Amino acid sequence: MSYDMVVQRFEQGDAAPMPGSAFLAVFAPRADHREPQYSYWHISADDGSTADVYAKLADDTLRSLMISRFSGGAILDMLVTFVGLADAVVLPPGCPALLAHENQRCHLPEDLRADAVVVQAGADVERVLRTC
């Protein structure tokens, strides 16, 4: 897909940092190209799906993550795994927020809460994106 999705963690309605260890566990092993000066990581999954990921790690902390030019398939499974480990949500443009679990809803900014959707696999992400 050719648009960008932001991944963010929230606490009581405010943006909060994510653990860098979650990013390193999920995405770093699949990085086949990096440009550190741009916080850029090209990620390739086993099924051939890919994504451009922009993530700047500092002191094992990740403030936000943007995924761009991503394929369907295993790359979205990796994204769902990451948001679960990082207690983060995916914010696709023009779509509802994608939660890793229902307990995150109360931490979202008020205007994102009502329509937010829990996703458990990449196929769930693809389904939501098709309906927006």
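Predicted, not measured: the structure shown is a model, and the values here were computed from it.

## Side note on helix 4 (residues 122-131)
- Of all the residues in helix 4, the buried ones are G122, V125, V128 and L129. The arc that holds the buried residues of helix 4, viewed along the axis, is 120°, so those residues lie on one side. Residues of helix 4 that are exposed and angled more than 90 degrees away from the buried face: A123, R130 and T131.
- Buried residues along helix 4 sit against strand 1 (5-11), helix 2 (74-86), strand 9 (98-99) and strand 10 (117-118).

## With respect to the state of the cysteines
- In this structure the tally under the stated criterion is 1 disulfide.
- The disulfide partner of C95 is C132, and the S-S distance across this bridge is 2.1 Å. Placement of the pair is C95 in the loop between strand 8 (89-91) and strand 9 and C132 in the segment after helix 4, with a sequence separation of 37 residues.

## Quick word on the pairing of strand 7 (residues 61-68)
- Where strand 1 and strand 7 come together, 3 bridges link them in antiparallel fashion. Looking at the pairing, V6 lines up with M66 of strand 7.
- One ladder, built from 2 bridges, connects strand 3 (residues 18-19) with strand 7; its direction is antiparallel. Looking at strand 7, one finds that M18 is bridged to L62.
- Here 6 bridges tie strand 6 (residues 50-58) to strand 7, and the two strands are oriented antiparallel to one another.

## Looking at the packing of aromatic side chains
- Within the structure shown, the criterion is met by 5 aromatic pairs.
- Taking 5.4 Å as the distance between ring centres and 40° as the angle between the ring planes, the aromatic pair formed by F23 and F27 counts as tilted.
- Take F23: its relative accessible area is 0%, and that puts it in the buried class.
- Its relative accessible area of 1% is what places F27 among the buried residues.
- Here the aromatic cluster, defined as three or more aromatic residues joined through ring pairs, consists of F23, F27, W41 and F82.
- The lysine or arginine in question, R34, covers the ring of W41, its NZ or CZ lying 3.9 Å from the ring centre.

The rules behind each value
- Residues numbered from 1 in each chain as written.
- Predicted model: local features only at pLDDT ≥ 70, side-chain atom pairs only at ≥ 80, totals over all residues.
- Heavy atoms only, no water.
- Buried < 20%, exposed > 50% of the residue type's maximum accessible area, 1.4 Å probe, protein only.
- Helix = DSSP H or I, 4+ residues; strand = E, 2+ residues; numbered from the N terminus.
- Arc of directions from axis to C-beta.
- Contact = heavy atoms within 4.5 Å.
- Disulfide = S-S within 2.5 Å.
- Pairing = 2+ DSSP bridges.
- Phe/Tyr/Trp six-rings, centres within 6.5 Å; stacked < 30°, edge-to-face > 60°.
- Lys NZ or Arg CZ within 6 Å of the ring centre and 35° of its normal.

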